[in-house]
Amino acid sequence: MVRKTAWKRHNLARSKRELILLLTMALSFSAILYIYYFSVKPSMPPETAFDGVVNQILSYYIMVCGRSGNDNQNTATQTTATAAPTVTKSVSLHYHIAHPLNYHFILDEPDKCSQWDPFLVLMVPVAPHQVEARNAIRSTWGNESTVQGKAVMTLFLVGLTGGSDSEKAQQQLEEESRQHRDLVQSNFVDSYFNLTIKTMVIMDWLATRCPQATYAMKIDTDMYVNLENLMTFLLAPNTPRQNYITGVVLWDRPVVRNKNSKWYVSEELYPEPKYPTYLLGTGYIFSNDLPEKIVEISKEVKAFNIEDAYVGACLKHLGIAPSSPPDPSQFRIYMGQYNREDFLRIISIVVGSPQKIMDVWKDVKSSR
Ligand SMILES: *[C@@H]1O[C@H](CO)[C@@H](O)[C@H](O)[C@H]1NC(C)=O
Ligand SMILES: *[C@@H]1O[C@H](CO)[C@@H](O)[C@H](O)[C@H]1NC(C)=O
């Protein structure tokens, strides 16, 4: 009860001013990065310059903001969700608020994995209203069913629709689900604050509906994935198939204690000053034995609202260390100036809008 009230209170603490500040900061960082990138490029090998700068900016951004992420989506998601107090809650708290046992699937694809037998499952958390983002992914990297002879499957994970027209929105989702058979919906209210719940539901779905897959990836909607390169990496003899998780590794990130921040976490929810090593939530890849282990251990790990750091806390309890990928420059958190050569060698990169994902996809495909 105390915990639930605390979560609500943090929610209310977010203000418009904060959002504007964040947007301004994001824009300034982009501008700095852009200028810096081009001013240092000639004097350094492009890869080094780019990644060095990206890391600096990322460190600073995360230091100030708590984590890097998908601000546009989050803002939009949050707006819908705050207007959603009408949904009745029948949550029985077996463990803490983020444990998947508290939730059930409303839309599900329980047989998809046994039919498809995927080697790799891409799980995309998305807000219910983001149909444009889903369609962009469906027509680009999400439409690849076989890569290097291995079956790949993409699913979208949504929570409950909110707002006054939530019934209509729900009907549209159900229609979309009948049409594409790629939606999984759970019965928590979809909001930025509830992303930890969403991630744990993703883990639960993988553990209960798809244990046969070898790998899974949690990937945001604003990302471009080069599945050829991802598959080459996963099929390499040195890539472990158990207790393995990789992506953009973050070390020693301080917990944000500023109550006005969107990434604020109270000492009650997370007492230590720093997060354990974790993987940036924009996209991380893991061997598919981990979801079951994470769901199980999470009973002992108190939930907090920073989903990627929470997965890090579960991994720490499991004694599993996140791994740096063999080539960290293949995981990019900033796109910079579009350059086809980059896209031919990366595994994942933050691109932005649905339109950008489609544009980039078209250009990269046309070069093959
Ligand atoms: C997915 O790819 C197939 C060809 O492999 C194509 O016919 C289909 O239109 C694509 N789907 C979307 C949503 O673009
Ligand atoms: C999810 O988030 C919303 C708003 O951010 C909140 O009202 C709700 O209680 C949260 N939890 C669940 C389980 O839906």
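Quick caveat, the model's predicted, so the values are computed rather than measured.

## Observations regarding the pairing of strand S11 (residues 283-287)
Step number 1: The element S11 is extensively covered by neighbouring structure, given that five of its five residues are classed as buried.
Step number 2: Because side chains alternate across S11, one face comprises the buried residues Gly283, Ile285 and Ser287, and the other comprises Tyr284 and Phe286, equally buried.
Step number 3: Inspection of the sheet shows strand S6 (residues 215-219) paired to S11 by five bridges, in the antiparallel sense. In the strand pairing of S11, alanine 216 is matched with phenylalanine 286.
Step number 4: Sheet topology places strand S8 (residues 245-246) next to S11; two bridges connect them, and they run antiparallel. Note on S11: the bridge partner recorded for isoleucine 245 is phenylalanine 286.

## What about the site of ligand 1?
Step number 1: The full set of residues close to ligand 1 is Arg138, Ser139 and Asn143.
Step number 2: Against a free-state accessible area of 360 Å², the protein chains account for coverage of 28% of ligand 1.

## A short note on the packing of helix H6 (residues 131-138) against helix H7 (residues 166-180)
Step number 1: Axis separation between H6 and H7 bottoms out at 13 Å; the angle between their running directions is 5 degrees. Between H6 and H7, the angle is such that the two are roughly parallel. Counted together, Val131, Arg134, Asn135 and Arg138 of H6 and Leu173, Glu176 and His180 of H7 form the full contact between these two elements.
Step number 2: Broken down by class, the residue content of the contact of H6 with H7 amounts to two nonpolar, two polar and three charged.

## Here we look at the packing of aromatic side chains
Step number 1: Enumeration over the complete set of coordinates arrives at twelve aromatic pairs.
Step number 2: On the numbers, 5.5 Å between centres and 10 degrees between planes, the contact of tyrosine 275 with phenylalanine 304 is stacked. You can see tyrosine 275 sitting in the loop between strand S9 (249-250) and strand S10 (278-279) and its partner phenylalanine 304 sitting in the loop between helix H10 (290-297) and helix H11 (307-318), a full 29 residues away along the chain. Comparing tyrosine 275 with phenylalanine 304, the two get one shared label, buried.
Step number 3: Between the aromatic rings of tyrosine 338 and phenylalanine 343, the centroid separation amounts to 5.0 Å while the plane-to-plane angle is 50 degrees, which identifies the pairing as tilted.
Step number 4: Looking at tyrosine 338, the relative accessible area reads 31%, which means it is partly exposed.
Step number 5: Among the aromatic residues, those joined into a cluster by ring pairs are Tyr270, Tyr275, Tyr278, Phe304 and Tyr310.

Parameters and conventions
- Residues numbered from 1 in each chain as written.
- Chains lettered and ligands numbered in written order.
- Predicted model: local features only at pLDDT ≥ 70, side-chain atom pairs only at ≥ 80, totals over all residues.
- Heavy atoms only, no water.
- Buried < 20%, exposed > 50% of the residue type's maximum accessible area, 1.4 Å probe, protein only.
- Helix = DSSP H or I, 4+ residues; strand = E, 2+ residues; numbered from the N terminus.
- Pairing = 2+ DSSP bridges.
- Near = heavy atom within 4 Å.
- Areas by Shrake-Rupley, 256 points an atom, 1.4 Å probe, with all protein chains shown as cover.
- Axes fitted to C-alpha atoms, helices over the stretch in contact; angles between N-to-C directions.
- Parallel < 35°, antiparallel > 145°, perpendicular 65-115°, else oblique.
- Contact = heavy atoms within 4.5 Å.
- Nonpolar A, V, L, I, M, F, W, Y, C, P; charged D, E, K, R; others polar.
- Phe/Tyr/Trp six-rings, centres within 6.5 Å; stacked < 30°, edge-to-face > 60°.

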